[in-house]
Amino acid sequence: MLRILRIIAFPISLIYAIAVIARNFLYDIRFFKSKSFDTPIVCVGNLSVGGTGKTPMIEYLVRLLEGYKVAILSRGYKRKSKGFLMADKNSNAQDLGDEPFQMYNKFPEITLAVDANRINGIKNLEKLVQPQLVLLDDAFQHRKVQPTLSILLTTFGKLYKDDWYLPTGDLRDSKREAKRANLIVVTKCPDDLSEENKERITKKLSPRPNQKVLFSHFSYAPSLKSGSGKTLDWNQLLEKKVAVVTGIANPEPFIAHLKSKDFQFQHLEYGDHHDFSTRELERLKAFDMVVTTEKDYVRMKGKLQNLYYLEVEHEFSKSDESVLREELWNLL
């Protein structure tokens, strides 16, 4: 049914495409201005809506930049607060948004702020904390800021070259805007992706001479975690009534990984950034165990017993990680 609706919506996608292309053209000819900053700005984003692994990528970059004074700036999608807000020990997912709160929980020593106005957010960070580098989350299409380094993510299963504009496809920006990226990262690749396939994908993406194409796959933690730090082995799920809950854009890799663990579960799938109702939470209490993603966990934290999440990270080859590290260190 959804596929049919997307096909019917094709004329709308053409109007959307024209609007997107016109907007980018006005930035290209500098009718609309982009602001640059003295502080190095690393933008992480995509051309499509959700599901490319932006949050794990920001976390990966934080680890690479350990020892430096780094700040993360996010829009804070679906948060209840307004304006510029810096995370602190009293923050929650409602104040920051689920993904920023997830990052702050994992890296409480890092400065994290949310602001839909990226220029205002960066100015406040420069004034308040003077970071050595700002990681700009999900901002590839926000051209009001001129980043120092742009990292564009696209998934192995649906390269932006194979996509189309909303609502028929998932593109929220023009394919040709990939030209603005310094690094193009193909995410969610098979663990054993061959060099031949990497070359084929690189050729398809047609990078410019100044661009580099890197490849990553998801690496899942060996066991589940609870908010208290308790870990749970997979065999402890055997003979249990288990619900797997996802409210993310693309749950397929997560579900495929869980299926490889040979336990039985019922998958309850919700929309991206879903705000769980009291009724939905009551339904989940009927299960012995509830397993979810990190992103969904922060929205259900404290509301359910026997709630566990599975951590995920990007993993690169040594050569690709060296490229990333060198690009970042050149900015500092």
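Residues numbered from 1 in each chain as written. Predicted model: local features only at pLDDT ≥ 70, side-chain atom pairs only at ≥ 80, totals over all residues. Heavy atoms only, no water.

**Concerning the overall build of the protein**
From N to C terminus, the protein includes 11 helices and 15 strands. Relative to its length of 332 residues, the protein is compact, with a C-alpha radius of gyration of 20 Å against a globular reference of 20 Å. Judged by the C-alpha coordinates and their principal axes, the protein covers about 60 × 50 × 40 Å. Across the 332 residues that make up the protein, the buried fraction comes to 51%. Total accessible area on the protein stands at roughly 16700 Å², and carbon and sulfur atoms take up 50% of it. Taken together, the 50 basic and 42 acidic charged side chains of the protein have centroids lying 6 Å from each other. (Helix = DSSP H or I, 4+ residues; strand = E, 2+ residues; numbered from the N terminus. Rg over C-alpha atoms; globule rule 2.2 N^0.38 Å. Buried < 20%, exposed > 50% of the residue type's maximum accessible area, 1.4 Å probe, protein only. Areas by Shrake-Rupley, 256 points an atom, 1.4 Å probe, with all protein chains shown as cover. Lys, Arg positive; Asp, Glu negative; His and termini not counted. Charge placed at Lys NZ, Arg CZ, Asp CG, Glu CD.)

**Observations regarding the side chain of Gln-102**
Summarising the element assignment, Gln-102 is placed in helix 5 (residues 98-106). A relative accessible area of 8% places Gln-102 in the buried class. Not counting the four nearest positions on each side in its chain, Gln-102 is found in contact with Thr-55, Glu-59, Glu-294, Lys-295 and Val-298. (Contact = heavy atoms within 4.5 Å.)

**Quick look at a nonpolar patch on the surface**
Together, Phe-25, Ile-29, Phe-31 and Phe-32 give the surface a local cluster of nonpolar side chains, amounting to about 430 Å² of exposed area. Considering the arrangement of structural elements, one finds Phe-31 in the loop between helix 2 (10-28) and strand 1 (41-46). (Patch = residues over 30% accessible without salt bridge, like charges linked within 9 Å, V, L, I, M, F, W, Y side chains within 5 Å. Salt bridge = Lys/Arg side-chain N within 4 Å of Asp/Glu carboxyl O.)

**A look at unusual backbone geometry**
The step from Leu-166 to Pro-167 runs through a cis peptide bond, and the omega angle for that step is -5°. Within the fold, Pro-167 resides in the loop between strand 6 (149-155) and strand 7 (183-187). The phi dihedral of Asn-306 falls on the positive side, at around 55°, and the residue is not glycine. In this fold, Asn-306 is placed in the loop between helix 10 (294-300) and strand 14 (307-310). Its relative accessible area of 39% is what places Asn-306 among the partly exposed residues.

**Thoughts on the packing of helix 3 (residues 54-64) against helix 5**
It is at 10 Å that the axes of helix 3 and helix 5 come closest, and there the two elements cross at 25°. Classified by the angle their axes make, helix 3 and helix 5 are roughly parallel. Where helix 3 crosses over helix 5, the two elements pack in a sense that is right-handed. Note on element contacts: helix 5 touches helix 3 through Glu-99, Gln-102, Met-103 and Lys-106, opposite Thr-55, Ile-58, Glu-59 and Arg-63. (Axes fitted to C-alpha atoms, helices over the stretch in contact; angles between N-to-C directions. Parallel < 35°, antiparallel > 145°, perpendicular 65-115°, else oblique. Left-handed = near helix turned anticlockwise from the far one by under 90°.)

**What about the pattern of salt bridges?**
Following the criterion strictly, the structure yields 22 salt bridges and no others. The residue Glu-99 makes a salt bridge to Lys-295 at a minimum N-O spacing of 3.2 Å. In this pair, Glu-99 is assigned in helix 5 and Lys-295 in helix 10, connecting sequence segments 196 residues apart. Assessed through its relative accessible area of 9%, Lys-295 is described here as buried. Residue Glu-321 is joined to Arg-325 by a salt bridge in which the shortest nitrogen-to-oxygen separation is 2.5 Å. Here Glu-321 pairs with Arg-325, and both are found in helix 11 (residues 318-329), just four residues apart, close to one helical turn. You can call Glu-321 partly exposed: its relative accessible area is 24%. You can call Arg-325 partly exposed: its relative accessible area is 26%. Taken together, the shared-partner salt bridges in this structure form one network comprising Asp-28, Arg-143, Asp-173, Glu-177, Lys-179 and Arg-180.

**Section: the environment of Tyr-270**
Position of Tyr-270 relative to the elements: it lies in the loop between strand 12 (266-269) and helix 9 (278-284). Judged by relative accessible area, which is 15%, Tyr-270 ranks as buried. Considering only alpha carbons, one finds Tyr-270 and Leu-332, 62 residues apart in sequence, at a separation of 41 Å. Ignoring anything within four residues of it in the chain, the contact list for Tyr-270 reads Val-245, Thr-246, Gly-247, Ile-248, Phe-276, Glu-280 and Arg-283.

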